[in-house]
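# Report on the structure
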Amino acid sequence: GVDVVGLVDYADVIFENEDGDRYDKTLTFENFIEVVLALRGSCTATVKDVVDLRKYIRHVSLRSENQVEKTSTRLMRIEAKLDKLLSNSNGPSRASSHPPSS
């Protein structure tokens, strides 16, 4: 049979869009039933299932690597701007910013 409560745990996988960034995928009733039947406890994993899993993991991994690369690039730009701001700073030094004590 189908574990209906367990099926809820797979909702994010079932309705995740192709890019993996939203959960707005729509299914026809036939597609939904196909997915539900494929997730039955009595179904065993096939070579195709393992290959599909490998493709999915690779896709997610590449997407994560791209995101890390973009973040790293942005961080380096921010760091360069901060260095430039600090090196061009001609404001009063800490010692001269306080009035002389009497």
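Analysis parameters
- Position labels on residues start from 1 in each chain and follow its written sequence.
- Local features in a predicted model are, by the rule used here, given only for residues with pLDDT of at least 70; side-chain atom pairs are given and counted only at 80 or more, and totals for whole chains, interfaces and linings are based on all residues.
- Computation of side-chain values covers all heavy atoms of the structure but excludes hydrogens and water.
- A run of DSSP states H or I qualifies as a helix once it reaches four residues; a run of E qualifies as a strand once it reaches two. Both are numbered from the N-terminal end.
- Buried means the residue's accessible area, taken with a 1.4 Å probe over protein chains only, is under 20% of the maximum for its type, while exposed means over 50%, and partly exposed covers the values in between.
- The contact criterion used throughout is that any non-hydrogen atoms of two residues lie within 4.5 Å.
- For patches, a residue must show more than 30% relative accessible area and have no salt bridge; joins then use 9 Å for like charges and 5 Å for nonpolar side chains, namely Val, Leu, Ile, Met, Phe, Trp and Tyr.
- The method behind every accessible area is Shrake-Rupley, applied with a 1.4 Å probe, and residues are considered shielded solely by the protein chains displayed.
- Any carboxyl oxygen of Asp or Glu within 4 Å of a side-chain nitrogen of Lys or Arg constitutes a salt bridge here.

### Some thoughts on the overall build of the chain
A tally of regular secondary structure across the chain gives four helices and zero strands. Helices and strands appear in the chain in the N-to-C order α-α-α-α. Among the 102 residues that make up the chain, the fraction classed as buried is 7%. Long-range contacts, defined as pairs at least 24 residues apart, comprise 44% of the intrachain contacts of the chain with a sequence gap of at least 6.

### Quick look at a nonpolar patch on the surface
A cluster of nonpolar residues, Val-2, Val-4, Phe-29, Ile-33 and Leu-37, forms a patch on the protein surface that exposes about 440 Å² of accessible area. At three residues, helix H3 (residues 29-38) tops the list of elements feeding residues into the nonpolar patch. With respect to the secondary-structure elements, Val-2 resides in the segment before helix H1 (4-9). Residue classification places Val-2 among the partly exposed residues on the basis of a relative accessible area of 31%.

So, to be careful, I would describe these as geometric facts and stop short of saying anything about function.
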